[in-house]
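Single-letter residue listing:
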There are 2 protein chains.
Amino acid sequence: MEKALYTVKFIPDGLETTVEAGSNLLEAALSAGVHISASCGSTGVCGTCKVRIETGSVSSPPTEKITAAEFQRGIRLACQSRILSDLTVFVPVESRLDKAVQAREKVQLSGVSASGWSFSPPLKKYYLELSPPTLDDNASDLSRLLRGLQQHYNLADIPVDFDVIRKLPAVLRESQWKVTVTTVVVSDKMEDPAGEACQIINVEPGDTRRENYALAVDVGTTTVCAQLLDLNRGSVLAESIVFNRQIHYGADVISRIAYTQKPNGLRKLQMEVVDSINETIDELIKISALTINHIGHITVAGNTTMQQILLGLDPKYIRLAPYTPAANFIPPVKASSLGIHAASQALVYIFPSVSSYIGGDIVSGIIAAGVHQRPKLTFYMDIGTNGEIVIGNSEWMVTASCSAGPAFEGGGIKHGMVAMPGAIQDFSLDPDTFEPGFQTIGGVDPKGICGSGLINAIAAFLEAGVISRNGKFNSHLSTKRIREGADGLEYVLAWAAETQIGKDIVITEVDIDNLIRAKAAMYAGCHTLSRSVNISCSDFEQVILAGNFGSSLNIDKAITIGLLPDIPRDRFVFIGNGSLSGARLVNYSIDLLRDARKVARMMTNIELSENSDFTHNYVAALFLPHTDEKAFPTINGNLNNPDHSLK
Amino acid sequence: MEKALYTVKFIPDGLETTVEAGSNLLEAALSAGVHISASCGSTGVCGTCKVRIETGSVSSPPTEKITAAEFQRGIRLACQSRILSDLTVFVPVESRLDKAVQAREKVQLSGVSASGWSFSPPLKKYYLELSPPTLDDNASDLSRLLRGLQQHYNLADIPVDFDVIRKLPAVLRESQWKVTVTTVVVSDKMEDPAGEACQIINVEPGDTRRENYALAVDVGTTTVCAQLLDLNRGSVLAESIVFNRQIHYGADVISRIAYTQKPNGLRKLQMEVVDSINETIDELIKISALTINHIGHITVAGNTTMQQILLGLDPKYIRLAPYTPAANFIPPVKASSLGIHAASQALVYIFPSVSSYIGGDIVSGIIAAGVHQRPKLTFYMDIGTNGEIVIGNSEWMVTASCSAGPAFEGGGIKHGMVAMPGAIQDFSLDPDTFEPGFQTIGGVDPKGICGSGLINAIAAFLEAGVISRNGKFNSHLSTKRIREGADGLEYVLAWAAETQIGKDIVITEVDIDNLIRAKAAMYAGCHTLSRSVNISCSDFEQVILAGNFGSSLNIDKAITIGLLPDIPRDRFVFIGNGSLSGARLVNYSIDLLRDARKVARMMTNIELSENSDFTHNYVAALFLPHTDEKAFPTINGNLNNPDHSLK
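Every value quoted in this text rests on a predicted model; they were computed, and no experiment measured them.

Glancing now at the pairing of strand β17 (residues 378-382) of chain A. Residue and element names in this part refer to chain A. Judged by how many residues are buried, β17 sits mostly within the fold: five of five residues are covered. Taking every second residue as pointing to the same face, both faces of β17 are buried, with T378, Y380 and D382 on one and F379 and M381 on the other. In this sheet, strand β18 (residues 388-392) lies alongside β17 in antiparallel orientation, the contact comprising five bridges. Bridging across to β18, F379 finds its partner in I391. The loop that links β17 with its antiparallel partner β18 comprises five residues; one of these, G387, has a positive phi angle of about 105 degrees. For β17 and strand β26 (residues 542-546), the ladder comprises five bridges, and the chain directions are parallel.

Rendered as structure tokens:
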């Protein structure tokens, strides 16, 4: 006997679906495109999928998650309810997946994150049970499919990828006309804020809606970070970080661009970064017990040079004045055409960039932190290999790149390393003995020191008088930690026997000099950009720090060395890898995909490289914390080396 | 010294362009997107490019093409005029290229052609002189290009092919920022009548607007016909016809589909048809002294099976009840992805089809003949390898496929051949001696006989009593032309010595039987389809015949054998290869591109293969002209064989 069909309507969205009698209510919601939070995996344990039955009836076992009063009011767990009639179901705000995911993201981004978006991934799946063709209805296979999407999901007139047409006849018949259609929303126009196109990119036999995964990638100059996302839950299944294999060809973007100009150089560097991405993918699918074919969509954020090299776009003119990128808005490309390990239909979304030195990674970070949503005057600083800053709010934004170099990611530092296990990330100093205390990432024996460790160590040196305000060691202190090394004076952080590398881990005066130059570039950039819009650093209502240099960034220490402006500490927040977070969030919501395009267009880029104010401010900042003592009122009094003054 | 810049406005279109002082007015029109007729190639000889200068001044030499009175009124030849100031120029209807091309097409299509469309090719070129980037304006290369298109041509926000972005930085700089942008309009949505997308597919150094060529292709089961088109003039540069190399794998679509089901069969047949298309292209570019890179766009019309095989879409279910094609509306594909010899950016537009047996070739022919534009009740018949018919007008259309087989293209006929040089295309018979008179295509010695020759010969046989009304030879006639051959009785059209093939060219009783079956299928289709919409053949206000079987089709003879209904002769018109004409016309006008989608959607397909009325009508038509003598009132009286009656 055939089962009765019931119509289930979800309010307040107004979305409907038709299901067989006895179907699960949570699944019905999924099929209607309503995202309900269910973090326990439909076991009835978490109680987050509460809905209210407005009309109609369901069968639902008693559970301690529902009080008698709630039960009386029609509250049920969607995951435990079977549909017994036509239904109208109310989904309360707290049960909505978008709220749950937004809350989770807010924690992850230290409280400053984009809000108000709906959970509506660009990659969507629709299950269809089609009636087979007859002589009276022998429409083409594609017409039948499109008609089904129209009837069941009210989706009209979506362009179809040619490869879908190619496989369609066989898939429809082998599945007995029960298929899952995958669509993706991509931004395809530059000027139009709503210039998006939805297209059908895949058709699979049977119901595969439970498998809907995407990848978020941050392609940094030094590292490639990726997260594998479950789009049905809005959650991160696994994360991976690897070195960008391009580092063998130079530490910064300039040397990479130089290499691309050699014969076959662009192709070689493109393959290196693709291999790096594939290394993360291979790790992620192994952890998650998935396959490459499960990766249905990829979002990539990177600086302009990294994005262009990944796409095989010659970055030559990024390096030459007047510094023009090939394009800031790139149409989606097939992952397979780049050699990326993913489903054959998967598209790669590339974040829009602003200029040659303000790339998609900055746009992505701004989106993740929700800077564009708030009137609050915000200073956003990405302390990566390059160093980019943004000042602005929901109304306007100016941005600049500081050419800070890779010191904060360990580049150009004798024992520098990226924030990976074994990196010294926190550091303290006994003011009497000058003996160090440190913590490594993962708590293992040290292999080197990462950005946060360096900042903390140099601040500690400065406070204890181990170094002078121009970054030179005090050789008169009675400690065997300070000694003459191959590159001049150095401080031994860890003796060889304590390390994983079997060598003393040191900080040299050259390292300190590199760090001072890097922090001077960042600070000068901040100062110059602020002045360009007639703002003083003390006007910042919020300072958002992004970067992949360890979670132990100590704001006080960063101010002590003059990297950050000396303003009230409660205005600072560190959000980690903002670029990766933005790449994750646009996989969750087309609202944010749209925002990314708006943000890239609203940012005004200021070129610092040929700006004489910047040069002046940079030279003035080559001191700890700064030549202008008044700019750091809370710092100078604490320093234990009043005798080291400006010459 | 820099030349002054002048603005030229063309009315009534209202299009504007800015050009240097002294520029040619016809070229200015081209750059503004105004198409002016100039058939002599700007030599001032043809006088078709007359325009009226409304305001401003030009210098223009005296010419006998312009009378003194005309000169007084400001009439000038655009091709001979140099611009001396800002101008307002009126382009009269008779000088418009769309009118000129429409008139030319009307002649070509025997007076029944689509009208009222504007000359606006889907493939367009725009020349841009951009200002190079500076530090104050270092927008991305793509932004600069799009900005130029917006400023100079008011084109906003066009999606860009990724390959254009890839080559853009180098092309812009090597050309000193003077480039030509190519756009193409493609239909990308199925349901939306205006569902078209314009995209940028190429950027070239310098001004290449003078080179704008496209290809129109009719992919028939037996032959592939192609025309190389000059999109600046709306003219055919060259035409080529070759066999579809798939004929080695079977004469009709059913045997082709069967072959595709063998291992690697689909790929093999796809390569054969691609090779056939390439054979026409290679010939066309040789004749025209062009290169493959000049072919910027390709339109293809073919039956559903031919189109699917060309695209590599498995045609398996076209052959199996209930006969479903993979898709009726196909997104554009890159020519290079199919292996077709054309510019790397060239797209292939595939005509929409209606069903498994009513393909893009029929839609194309209907468009070419303008059936969809007129209220006149029209019967359209494509007498190709299959045989498709359409009844309708601008309001409605029904259509059916008749499975007539390839006899009219020479298939299954002992000395049958397609309409190529050497084919006997006209035939007469001395009623006393029974000696033949014939004409071949090209006037050369005969190689065989094509469709029109067969129809004319069999009608002549019937009228002279050489054959009976059931198609059997009268062996009692005193002529050595009729003799016993390997396949039974036969008539010798030409003795071996008169031919190119060194063998007697004959028509056998088997040939006649095949032709009778083919004409019976066509006639029965017409009868059945008419009845299905309660129409009688005598209601047809117009009968349009399309087919590639020789230009000497004699309507009287076709009625004599019962292929066409016996209605007044002045209602008939033969338009030749309508499919190829439609493929040409959509290269000239996006209006017709849009019409093609509308027509494909408005046609109601009737399946005859499982229709018992059709079977009955088919059997009744297996007689010359028909078993129902009353249906052919003007014929039976003329026949010289009253003694051959129905048994």
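Still more to cover.
Residues and elements named next belong to chain B. In this structure the tally under the stated criterion is 24 aromatic pairs over all chains. Arranged with centres 5.2 Å apart and planes meeting at 75 degrees, the rings of Y349 and F351 form a pair that is edge-to-face. When its relative accessible area of 0% is taken as the criterion, F351 is described as buried. Between F427 and F461 the ring centres are 5.7 Å apart and the planes differ by 80 degrees, which places this aromatic pair in the edge-to-face class. In this pair, F427 sits in strand β20 (residues 423-429) while F461 sits in helix α12 (residues 451-463), placing the two residues 34 residues apart along the sequence.

Now for the packing of helix α3 (residues 97-108) of chain A against helix α15 (residues 578-588) of chain A. Each pair of packed helices gets described by two things: the angle between the helix axes and the distance between those axes. Residue and element names in this part refer to chain A. Here α3 crosses α15 at 175 degrees, and the two axes come no closer than 12 Å. By the angle between their directions, the pair α3 and α15 is classed as roughly antiparallel. On α15, the residues touching V101, E105 and Q108 of α3 are R584, L585 and Y588. Residues belonging to the contact of α3 with α15 are distributed by class as follows: three nonpolar, one polar and two charged.

Once that is clear, we can look at the state of the cysteines. Note on terminology: disulfide describes a covalent bond linking the sulfur atoms of two cysteines. Within this structure, the stated rule accounts for zero disulfides over all chains. Distance from the sulfur of B:C526, which forms no disulfide, to the nearest cysteine sulfur (B:C537) is 3.6 Å.

Let us look at helix α4 (residues 141-153) of chain B. Residue and element names in this part refer to chain B. Here α4 spans 18 Å end to end across 13 residues, near enough to the 18 Å set by a 1.5 Å rise per residue. Along α4, the residues that are buried comprise D141, L142, S143, R144, L145, L146, G148, L149 and Y153. The inward-facing, buried residues of α4 contact α1 (25-32), β8 (123-129), α5 (162-174), β9 (178-187) and β10 (196-205). Phi for N154, located one or two positions after α4, is positive at around 55 degrees.

All names here are of chain B. Buried residues of helix α17 (residues 612-620): F614, N617 and A620, and no others. Down the axis, α17 shows its buried residues gathered within 125 degrees of arc, on one side only. Opposite the buried face of α17, at more than 90 degrees from it, the exposed residues are S612, H616 and V619. Buried residues in α17 make contact with α13 (509-532). At the N-terminal end of α17, a side-chain oxygen is found 2.9 Å from the backbone nitrogen of D613, two or three residues along, and the residue is N611.

Looking now at the packing of helix α6 (residues 253-260) of chain A against helix α8 (residues 304-311) of chain A. Residue and element names in this part refer to chain A. Two elements in contact, α6 and α8, have axes whose closest approach is 10 Å; the angle formed by their N-to-C orientations is 30 degrees. By the criterion of interaxial angle, the relationship of α6 to α8 is roughly parallel. In the crossing of α6 with α8, the sense of the turn from one axis to the other is left-handed. Between α6 and α8, the contacting residues are V253, R256, I257 and T260 on the first element and T305, M306 and I309 on the second. Tallied by class, residues from the contact of α6 with α8 come to four nonpolar, two polar and one charged.

So, how was this worked out
Residues numbered from 1 in each chain as written. Chains lettered and ligands numbered in written order. Predicted model: local features only at pLDDT ≥ 70, side-chain atom pairs only at ≥ 80, totals over all residues. Heavy atoms only, no water. Buried < 20%, exposed > 50% of the residue type's maximum accessible area, 1.4 Å probe, protein only. Helix = DSSP H or I, 4+ residues; strand = E, 2+ residues; numbered from the N terminus. Pairing = 2+ DSSP bridges. Phe/Tyr/Trp six-rings, centres within 6.5 Å; stacked < 30°, edge-to-face > 60°. Axes fitted to C-alpha atoms, helices over the stretch in contact; angles between N-to-C directions. Parallel < 35°, antiparallel > 145°, perpendicular 65-115°, else oblique. Contact = heavy atoms within 4.5 Å. Nonpolar A, V, L, I, M, F, W, Y, C, P; charged D, E, K, R; others polar. Disulfide = S-S within 2.5 Å. Expected span 1.5 Å × (residues − 1). Arc of directions from axis to C-beta. Polar contact = N/O pair within 3.5 Å; in protein donor to acceptor, adjacent residues only side chain to side chain. Left-handed = near helix turned anticlockwise from the far one by under 90°.

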